[in-house]
Amino acid sequence: MAEPLVVLDGVNKYFGDLHVLKDINLTVAPGEVVVVIGPSGSGKSTLCRAINRLETIESGTITIDGEELPQEGKALARLRSDVGMVFQAFNLFAHKTILQNVTLGPMKVRGVKKAGAQQRAKELLERVGVAHQAAKYPAQLSGGQQQRVAIARSLAMDPKIMLFDEPTSALDPEMINEVLDVMVELAESGMTMIVVTHEMGFARKAAHRVVFMADGEIVETAEPEEFFTNPQSERAKDFLGKIL
Ligand code: ADP
Ligand code: MG
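Residues numbered from 1 in each chain as written. Chains lettered and ligands numbered in written order. Predicted model: local features only at pLDDT ≥ 70, side-chain atom pairs only at ≥ 80, totals over all residues. Heavy atoms only, no water.

The protein chain goes by ABC-type polar-amino-acid transporter in an unreviewed UniProt entry, where it is assigned to Marihabitans asiaticum. Turning to the protein chain, the UniProt annotation filed under Subcellular location (unreviewed entry) states: "Cell membrane". Regarding the protein chain, the UniProt comment filed under Catalytic activity (unreviewed entry) reads as follows: "a polar amino acid(out) + ATP + H2O = a polar amino acid(in) + ADP + phosphate + H(+)". (UniProt positions renumbered as here; feature names shortened; annotations may be inferred.)

Our next topic: the nonpolar core. Ranked by size, the top nonpolar core spans 50 residues in total, and within it Ile151, Met193 and Phe202 carry the most contacts. The leading source of residues in this core is helix α6 (residues 173-188), at 9 residues. In this structure Met193 touches Glu32, Val33, Val34, Met162, Phe164, Met183, Leu186, Ala187 and Phe202, once residues within four positions along its chain are discounted. In terms of nonpolar packing, the next biggest core, distinct from the first, is built from 28 residues, Val6, Leu47, Ile51 and Met213 among them. (Core = buried A, V, L, I, M, F, W, Y, C linked by side-chain atoms within 4.5 Å. Buried < 20%, exposed > 50% of the residue type's maximum accessible area, 1.4 Å probe, protein only. Helix = DSSP H or I, 4+ residues; strand = E, 2+ residues; numbered from the N terminus. Contact = heavy atoms within 4.5 Å.)

Let us now look at the site of ligand 1. As a structural note, the neighbourhood of ligand 1 is formed by Phe15, Leu18, Val20, Pro39, Ser40, Gly41, Ser42, Gly43, Lys44, Ser45 and Thr46. Within the contact set of ligand 1, an oxygen atom lies 2.7 Å away from a backbone nitrogen or oxygen of Gly41. The side chain of Ser45 places a nitrogen or oxygen atom 2.9 Å from an oxygen atom of ligand 1. Here ligand 1 loses 59% of its free accessible area of 560 Å² to cover by the protein chains. Mapped by element, the contributors of at least two residues to the shell around ligand 1 are β2 (18-28) and α1 (44-51). Element by element, the count of residues in the shell around ligand 1 is highest for α1, at 3 residues. Partitioned by chemical class, the residues of the shell around ligand 1 number 4 nonpolar, 6 polar and 1 charged. (Near = heavy atom within 4 Å. Polar contact = N/O pair within 3.5 Å; in protein donor to acceptor, adjacent residues only side chain to side chain. Areas by Shrake-Rupley, 256 points an atom, 1.4 Å probe, with all protein chains shown as cover. Nonpolar A, V, L, I, M, F, W, Y, C, P; charged D, E, K, R; others polar.)

This next bit is on the pairing of β2. As paired elements, strand β1 (residues 6-15) and β2 share 7 bridges and run antiparallel to each other. Its bridge partner lying in β2, Val6 is registered against Val28. Between β1 and the antiparallel strand that follows it, β2, lie 2 residues; Gly16 among them carries a positive phi value of about 60 degrees. (Pairing = 2+ DSSP bridges.)

Take a look at the structure:
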């Protein structure tokens, strides 16, 4: 078997007295797509943020492509740039054009020359279906288009893994599929992905594994079809009863 790309080993996270991640163990193989699902407040966002080291952890280790995430410094910056993240809110740079949003990271962080960065950005904008919007500003785009730009912007950094934290939950319903379609294409292209979402269609189409979290714990892990049709734990049954 290939070396895992992401390993969480005994990860614990507290906010004050609140134990938000409880002894989390999770291994993600290259090319694997893991959907994380669970009630609000169960620690899904904190898990994503910890993998990107936007949150510190109190114990345990997080390893990205064989290297343990350090607390700070250059090695952290390098490892962090291997992890792309797309959030619920489309946090594009408001005062930059769509093209600039996508070229900025590669030029500043990766030292890519402008012409090369623009060429690549155009290809990525094409891939997510917003190439003709390149000269516009984020506010001129729909939420679905902005979220697709956010995906292109992350991809421009050539991440080894992409994290998505409820990327469609702030979108109007008619825009959800255009974003999910891009994510399905990305999954099929072999990208390693951890996706927090309640979109079962996506999980069924693209996920290799569903991880169900509740109260800071991984309660259940299963293949999507198995999880949705035959959940094992009471908490998963209860949760699915509410969202189905
Ligand atoms: P989810 O994404 O599954 O809804 P979160 O990871 O956002 O859950 O939150 C897990 C728990 O941690 C919740 O109880 C939430 O209120 C709490 N929490 C999240 N961020 C903070 C923070 N910065 N300070 C204190 N508590 C937080
Ligand atoms: Mg969340």
